[in-house]
Amino acid sequence: MKGIHFPLLVLFATSIRLTLGSEAPTLIDRPNADSGPTQISVGSWVADISNIDSAQQTFTAEIAVVLRWKDPRLAHTGKGIVRYPLEQIWHPRVGIVNETNSVSRKMPDSVEVEPDGTVTSRQRYAGAFTQPLRLQSFPFDRQTFRVQLVAVRYQSNEVMFVPDQVWIQDGLKGAGGISPSVTLPDWTIEKWEVKPLVYALAPRHQYSSYAFEFTASRNVEHYLLKVILPLVLIVIMSWAVFWIDPINANSQVSIAMTSMLTLIAYRFAIDSQLPLLPYMTRLDAFILTSTLLVFFSLIEVVATIIFDDTQKKKRAVRIDRYCRVIFPVIFGIALIATFAHPRG
């Protein structure tokens, strides 16, 4: 029985080794450290972008990242690949600068080593990434979003990121890309690019970095039809007081007050879609202009009522006639000044 047990134990130990990966020496320093920076080839592919949240200044995406580098110390005589746990060998310790706590890793932290020592690491990141937005032109804005990889602990003279030549040979220009079927309903992706960067964590702490950037413009149809057009109609509705005889003071005041309250409700609805900003957006300027015009129409109603009560009806009628022209002209100028600009 003892002679039978020993081969079984050997077979069992061998199966565990094949399952968990081959053993490798603990490699602390980067390969060929005396021969210049270690070159890390990067291939990045955005599989999906499901949401861009302007209020939280984040975007939710899934991105696949493939890293390749050569470590002669891991070269082996086998014909196939050998798998190691990531922490068992030297690796550039790549992290994502702008990831949030919701970002998850979909693949195990392991690498594949070819006979010549070429190491391949694959990972798929899914979750929300932070991105500061410039919202002065909202909702006619164009934004640049970034997923930035950084080699923690390594400066640009130690680790150098370059586009992956394997992906380029497979037809992916720049060793990157975005899936044509992203589920992003309210934005249009215009272009993308990859580029090496330097990530400055603090003075004298600058690390090698690599970024995938894409530029997207906001689709304005939603805001035109559901925000801007109703506001235009509300402002035009407030001008009805200029055609109502000052004798009907109750009707004039009712229309002016209803327009003002409706604008306030719209203001709350729009605020939920934007962060608290120290500056005004184009939509803010439009809403402020609309609010002032409705407010001044209310002031005009009060003035004409006072004139009518003091037996100055002709003056009240004259003011109404002037306002029928002045208010639309001011509103038209404000519309052109607010929206007749290129996307920013």
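Note that residues are indexed from 1 along each chain, following the sequence as it is written. Only residues with pLDDT of at least 70 are given local features in this predicted model, and only at 80 or more are side-chain atom pairs given and counted; all residues enter the totals for whole chains, interfaces and linings. The side-chain quantities take in all heavy atoms of the structure and omit both hydrogens and water.

A. Region of interest: the overall build of the protein chain. Numbering goes from the N terminus for both helices and strands, where a helix is a DSSP run of H or I of at least four residues and a strand is a run of E of at least two. If you tally the helices and strands in the protein chain, you get six helices and 12 strands. We take the radius of gyration over the C-alpha atoms and set the globule estimate at 2.2 Å times the residue count to the 0.38 power. In terms of C-alpha radius of gyration, the protein chain reaches 32 Å, well past the compact-globule figure of 20 Å for 344 residues. With the C-alpha coordinates aligned to their principal axes, the bounding extent of the protein chain is approximately 120 × 50 × 40 Å. Of the contacts made within the protein chain by residues no fewer than 6 positions apart, 74% connect residues no fewer than 24 positions apart. Contacts were defined at the residue level, with two residues in contact if any of their heavy atoms lie within 4.5 Å.

B. Representation of the nonpolar core. Counting 71 residues, the largest nonpolar core has Phe129 and Phe286 as its most contacted members. When sequence neighbours within four positions are dropped, the list of residues in contact with Phe286 reads Ile228, Leu231, Val232, Phe331, Leu335, Thr338 and Phe339. For the purposes of this section, nonpolar cores are sets of buried Ala, Val, Leu, Ile, Met, Phe, Trp, Tyr and Cys residues that join through side-chain atoms within 4.5 Å. Buried residues are those whose accessible area, probed at 1.4 Å on protein chains only, stays under 20% of the maximum for their type, while exposed residues exceed 50% and partly exposed ones sit between those limits.

C. Focus on the sheet that holds strand S12 (residues 205-218). Here the rule is simple: two strands pair whenever DSSP picks up at least two bridges between them. The antiparallel open sheet is built from four strands, whose spatial order is S4-S8-S12-S11. If you trace the sheet from one side to the other, it starts and ends with strand S4 (94-96) and strand S11 (187-202), each paired once. The average undirected angle you get between the axes of adjacent strands in this sheet is 25 degrees. Where S11 lies against S12, 14 bridges are found, and the strand directions are antiparallel. Looking across to S12, one finds that Leu197 is bridged to Ser209. For helices, the fitted line uses only the C-alpha atoms of the stretch in contact; every axis is such a line through C-alpha atoms, and the angle between N-to-C directions lies from 0 to 180 degrees.

D. Broad picture of the environment of Ser44. Within the secondary structure layout, Ser44 lies in strand S1 (residues 38-53). With 145 residues separating them along the chain, Ser44 and Ile189 place their C-alpha atoms 17 Å apart. Residues within four places of Ser44 in sequence aside, it is in contact with Ile63, Ala64, Trp167, Ala175, Gly176, Gly177, Val194 and Phe212.

E. Region of interest: the pairing of strand S2 (residues 58-70). Of all the 13 residues making up S2, 10 are buried; the element is thus mostly covered by neighbouring parts of the structure. Sheet analysis places S1 next to S2, joined by 11 bridges and oriented antiparallel. Paired with Ile52 across the two strands is Phe59, which belongs to S2. Connecting S1 to the antiparallel partner S2 that follows it, the hairpin turn spans four residues, and Gln57 within it adopts a positive phi of roughly 55 degrees. Sheet topology places S2 next to strand S7 (residues 118-130); 13 bridges connect them, and they run antiparallel. Bridge pairing links Trp69 to Val119 in S7.

F. Local environment of a nonpolar patch on the surface. A surface patch of nonpolar side chains, amounting to about 540 Å² of accessible area, comprises Met280, Leu288, Leu292, Phe295, Phe296 and Ile299. Its location among the elements puts Leu292 in helix H5 (residues 282-309). Patches were defined on residues exceeding 30% relative accessible area and lacking a salt bridge, with like-charge contacts within 9 Å and nonpolar side-chain contacts (Val, Leu, Ile, Met, Phe, Trp, Tyr) within 5 Å. Surface accessibility in these figures is a Shrake-Rupley result with a 1.4 Å probe; residues are shielded only by whichever protein chains are displayed. A side-chain nitrogen of Lys or Arg and a carboxyl oxygen of Asp or Glu constitute a salt bridge if their distance falls within 4 Å.

G. Just the side chain of Ser208, in detail. The residue Ser208 is located in strand S12 in this model. Look at Ser208 and you get buried, because its relative accessible area is 3%. Within polar-contact distance, the side chain of Ser208 engages the backbone oxygen of Val159 at 2.8 Å. If sequence neighbours within four positions are ignored, Ser208 has contacts with Leu149, Val150, Ala151, Tyr154, Gln155, Ser156, Val159, Met160, Phe161 and Leu197. Any pair of N or O atoms that falls within 3.5 Å is considered a polar contact. Within protein, one atom must be able to donate a hydrogen and the other to accept it, and sequence-neighbouring residues count only if both atoms are side-chain atoms.

H. Representation of the pattern of salt bridges within the structure. For the coordinates displayed, the defined rule picks out 12 salt bridges. One salt bridge connects Arg93 with Glu87, and the closest N-O pair in it is separated by 4.0 Å. Between Arg146 and Glu213 there is a salt bridge, and its shortest N-O distance comes to 2.4 Å. A residue pair is termed long-range when its members are at least 10 positions apart, and Arg146 in strand S8 (residues 142-151) and Glu213 in strand S12 qualify at 67 residues. Given a relative accessible area of 7%, Glu213 falls into the buried group. If you follow the salt bridges from partner to partner, you end up with Arg83, Glu112 and Arg122 in one network.

I. Representation of the environment of Glu62 within the structure. For Glu62, the position within the fold is in strand S2. Between the alpha carbons of Glu62 and Lys195 there is a distance of 19 Å; along the sequence they are 133 residues apart. Setting aside anything within four residues of it in sequence, one finds Glu62 in contact with Trp45, Val46, Ala47, Asp48, Arg124, Tyr125 and Ala126.

J. The arrangement of the packing of helix H4 (residues 249-271) against H5 in detail. Look at H4 against H5: their axes get within 10 Å of each other, and the N-to-C directions meet at 165 degrees. Comparing the axis directions of H4 and H5 gives the class roughly antiparallel. When the axes of H4 and H5 are compared, the crossing they make is left-handed. Each of Ala249, Gln252, Val253, Ala256, Met257, Ser259, Met260, Leu263, Arg267 and Ile270 in H4 lies in contact with H5, whose residues at this interface are Leu283, Asp284, Ile287, Ser290, Thr291, Val294, Phe295, Leu298, Val301, Thr304 and Ile305. Residues belonging to the contact of H4 with H5 are distributed by class as follows: 14 nonpolar, five polar and two charged. Each angle gets one of four labels, with under 35 degrees taken as roughly parallel, over 145 as roughly antiparallel, 65 to 115 as roughly perpendicular, and the rest as oblique. Helix crossings are classified by the rotation of the near helix relative to the far one: an anticlockwise turn of less than a right angle makes the crossing left-handed, while a clockwise turn makes it right-handed. Lys, Arg, Asp and Glu make up the charged group, whereas Ala, Val, Leu, Ile, Met, Phe, Trp, Tyr, Cys and Pro make up the nonpolar group; the residues left over, Gly among them, are polar.

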